Amino acid sequence: MNLALMMPLAERTAVLIVAALLFTRVRAFRSILNQQATWKEKAVMVMIFSAISILGTYNGIWYQDAIANSRVIGTVVAGLLAGPWVGLMTGLIAGMHRYSLGGFTDLACAISTISEGLIAGLIYQFRRNRQQEIGWTTALIVGFLAEWMQMGIILLVARPYEAALSLIQIISIPMSVVNSLGIAILVIIIDLVKKEEDRIGALQAQRTMQVADKTLSYLREGLTFESARKVAEEILRTTRVAAVAITDRETVLAHVGAGSSHHVVGEGISTKATQEVLDTKEVMIAHSKQEIGCKEANCPLRYAILVPLMRRREVAGVLKLYQDRSRKLSAVDLELVRGLGNLISTQLELAELEKQSRLLADAEIKALHAQINPHFLFNALNTIVSFIRFRPEQARELLIHLGEYFRRNLHDSGGFVSLAEEFEHIEAYLAIERARFGEKLRVEYDIEAGVEGFIVPGLILQPLVENAVKHGLLPKRDGGTVKIKARRTDSHTLELTVADDGVGIGADPFVQPHMQKDGKRRLSGIGLSNVKGRLQSIYGQPYGIVIESAPGEGTVCVITLPVGVNASAKSVHRG
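The present account deals with the structure reproduced in this document. This is a predicted model, so every value here is computed, not measured. (Residues numbered from 1 in each chain as written. Predicted model: local features only at pLDDT ≥ 70, side-chain atom pairs only at ≥ 80, totals over all residues. Heavy atoms only, no water.)

Grouped together as the largest cluster of nonpolar side chains are 33 residues, with contacts concentrated most on Leu 419, Leu 430, Leu 461, Ile 484 and Ile 559. Of all the secondary structure elements, the ones that give two or more residues to this core are helix H14 (419-437), strand S9 (441-447), helix H15 (462-473), strand S11 (480-488), strand S12 (493-500), helix H16 (525-538) and strand S14 (554-562). Apart from residues no more than four positions distant in its own chain, Ile 484 is found in contact with Phe 423, Ile 426, Leu 430, Val 443, Glu 444, Tyr 445, Asp 446, Ile 447, Val 465 and Thr 497. Counting 27 residues, the second largest nonpolar core, distinct from the first, contains Tyr 303, Leu 329, Leu 334 and Leu 340. (Core = buried A, V, L, I, M, F, W, Y, C linked by side-chain atoms within 4.5 Å. Buried < 20%, exposed > 50% of the residue type's maximum accessible area, 1.4 Å probe, protein only. Helix = DSSP H or I, 4+ residues; strand = E, 2+ residues; numbered from the N terminus. Contact = heavy atoms within 4.5 Å.)

Here it is as structure tokens:
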């Protein structure tokens, strides 16, 4: 045993560990730490650890036509960190390199290097299957055993045997002690790097949530000058960057912080970095003023991270975080802007869906009007014509009601009206229907005092009343009664009821066509579906519409709404 080898071998191992520490800054290395590496990144890891192993060979000490070295550190750590394939390939490359250098131990060292990488990878796989992490103690033991396995292979393969035995007696203890400690230290360093990654991720998530909590409401209408300015100001307050900017595909929508004197809101995009992100749809990091591409000579911005904002798989704009000379952009800033970019992109998608939902609701309302108006107009005019000669005064009143009915239908019924206005709309419709059907149609109101001023979605009760009349009462020989109620169940809830004692409905009132196969009627599909959908869209749970019905026993539709704004109540004529 030659303890004189211990110190120089330790010095060379320290150099190797420092080199490995530098490699931990490589992105592929960090992906391996999170067990998210692709095959391409694993190939990069093979090259990194092969380089560490080869450096350990070159940095070794020649002794008796052999090399006392730290090659095992790169090979074993590769297997322990990334699994059997990375360990095996690293060992194969490092082993072939050692074999090319010659010496009476060349073949033995090549075999042992390949075996060490594979065995370390299998240990990684075993511990991973048991959901156990590899700590420094495991690494120390694996490193020690790997070195003694190498000594055994040298004794078995290297010739002459006497020279191999003499070599083992000199190098076995220095190499097994120093290299196993080096492997353990490197695993400790990697564990610290992983904890740093976790800390960065937690900090990034915290900041992202802080920004998200204050900015999500701004983006409900999409990417506008106003929403972009508010989002940019909030990001600037939350982070330590010098400036924040947001653009669409052509225009600067917001720029707050340093450089706002010449990065002017409303002007076209002027930096080449922004245009590059729009073209490539990729995140870009600008490390200099030249890479940013600002045309202003005195621009204080020196570094930037640019993230594309996506909508329907196309770039809708760019989010940019800038820094000046005071500090560089950090890994935390990079992860933050990535998270914010994804967050804003998601919100833009939701804003687009909400817009489409509103358009669909408007289309359904227009379809509802188209369904009601022609039939109702035809019947109403026939009724008025029959009244003109013998009851002209009543015909005049019916024309007034008809005009009022269509005036409200042509109004933007997709908005909100007072409950009094909704009752007036219903009354205009019922006045004409009562003239047509006489005693067959009876109407009862039960309206709690004071509720007429509450605001409700327009055209929310009239379709229910029409369904009750058309499909509930008129199929009965003797007609029947429609009861309309409005009351507050508590300080927060308004209950609206439309009930009839008609023929009842089928199992599913929300499905067309209007008649089931057995002839039992259903409610008018588009009217009721529209009411149900709008209530869910506007108020959500627990508000909405509940329907109870039985064939031959009538139908009760109950709408519950939150108590809204109380407008100046209007008088409601109830005939």
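Another aspect to go through is the packing of helix H1 (residues 6-23) against helix H3 (residues 39-58). Viewed as axis vectors pointing N to C, H1 and H3 meet at an angle of 165 degrees, and their least axial separation amounts to 10 Å. Classified by the angle their axes make, H1 and H3 are roughly antiparallel. The handedness of the crossing between H1 and H3 is right-handed. Contacts between H1 and H3 involve Leu 16, Ala 19, Ala 20 and Phe 23 on the former and, on the latter, Ile 48, Ile 52, Leu 55 and Gly 56. Residues belonging to the contact of H1 with H3 are distributed by class as follows: seven nonpolar, one polar and no charged. (Axes fitted to C-alpha atoms, helices over the stretch in contact; angles between N-to-C directions. Parallel < 35°, antiparallel > 145°, perpendicular 65-115°, else oblique. Left-handed = near helix turned anticlockwise from the far one by under 90°. Nonpolar A, V, L, I, M, F, W, Y, C, P; charged D, E, K, R; others polar.)

The next thing to look at is the packing of aromatic side chains. The tally for this structure, following the rule as stated, stands at three aromatic pairs. With a centroid separation of 6.3 Å and an interplanar angle of 65 degrees, the aromatic rings of Tyr 539 and Tyr 543 are classed as edge-to-face. Directly above the aromatic system of Trp 39 lies the positively charged group of Lys 42, at a separation of 4.9 Å from the ring centroid. (Phe/Tyr/Trp six-rings, centres within 6.5 Å; stacked < 30°, edge-to-face > 60°. Lys NZ or Arg CZ within 6 Å of the ring centre and 35° of its normal.)

This brings us to the sheet that holds S14. Here we have five strands laid out as an open sheet, ordered S9-S11-S12-S14-S13, and mixed in their pairing. Two strands close off the open sheet at either side, each with one partner strand: S9 and strand S13 (544-550). Taking the axes of each pair of neighbouring strands and ignoring which way they run, one obtains an average angle of 10 degrees across the sheet. As paired strands, S13 and S14 are joined by seven bridges and run antiparallel to one another. Bridging across to S14, Ile 547 finds its partner in Cys 557. (Pairing = 2+ DSSP bridges.)

Let's shift gears to the pairing of S12. A regular strand places its side chains so that they alternate between the two faces of the sheet. In terms of residue burial, S12 counts as a mostly covered element, since eight of its eight residues are buried. Residues Thr 493, Glu 495, Thr 497 and Ala 499 of S12 are buried on one face, and the alternating residues Leu 494, Leu 496, Val 498 and Asp 500, pointing to the opposite face, are buried as well. Looking at chain direction, S11 and S12 are connected through seven bridges and run antiparallel. In the strand pairing of S12, Ile 484 is matched with Val 498. In textbook terms, the turn of a hairpin is the stretch between consecutive antiparallel strands, and for S11 and S12 this stretch comprises four residues. As paired elements, S12 and S14 share eight bridges and run antiparallel to each other.

With that settled, the discussion passes to helix H9 (residues 225-238). In a regular helix each residue adds 1.5 Å, so 14 residues correspond to 20 Å; H9 covers 20 Å between its end C-alpha atoms and thus fits that length. Turning to H9, its buried residues are Ser 227, Ala 228, Val 231, Ala 232, Glu 234, Ile 235 and Thr 238. When H9 is viewed along its axis, its buried side chains cluster within an angular range of 165 degrees and face the same direction. (Expected span 1.5 Å × (residues − 1). Arc of directions from axis to C-beta.)

Relative orientation of the contacting elements helix H4 (residues 71-82) and helix H7 (residues 136-157) amounts to 125 degrees, with a least axis distance of 11 Å. Here H4 lies oblique to H7, going by the angle between them. Once H4 is placed against H7, the crossing between them reads as right-handed. Residues Arg 71, Val 72, Val 76 and Leu 80 of H4 pack against Ala 139, Val 142, Ala 146, Glu 147 and Gln 150 of H7.

What follows concerns H14. Taking 1.5 Å of rise per residue, the 19 residues of H14 would be expected to cover 27 Å, and the 26 Å separating its terminal C-alpha atoms lies within 8% of that figure. Across the 19 residues that make up H14, a large majority, 15, are buried. Two residues or fewer past H14, Gly 438 is found with a positive phi of approximately 60 degrees.

When you line up the elements, Leu 321 lands in strand S7 (residues 314-323). Residue classification places Leu 321 among the buried positions, given a relative accessible area of 0%. Residues Leu 321 and Ile 305 lie 16 residues apart in sequence; the distance between their C-alpha atoms is 5.3 Å. Here Leu 321 is in contact with Ile 235, Val 241, Ala 243, Val 244, Tyr 303, Ala 304, Ile 305, Leu 329 and Val 337, once residues within four sequence places are set aside.

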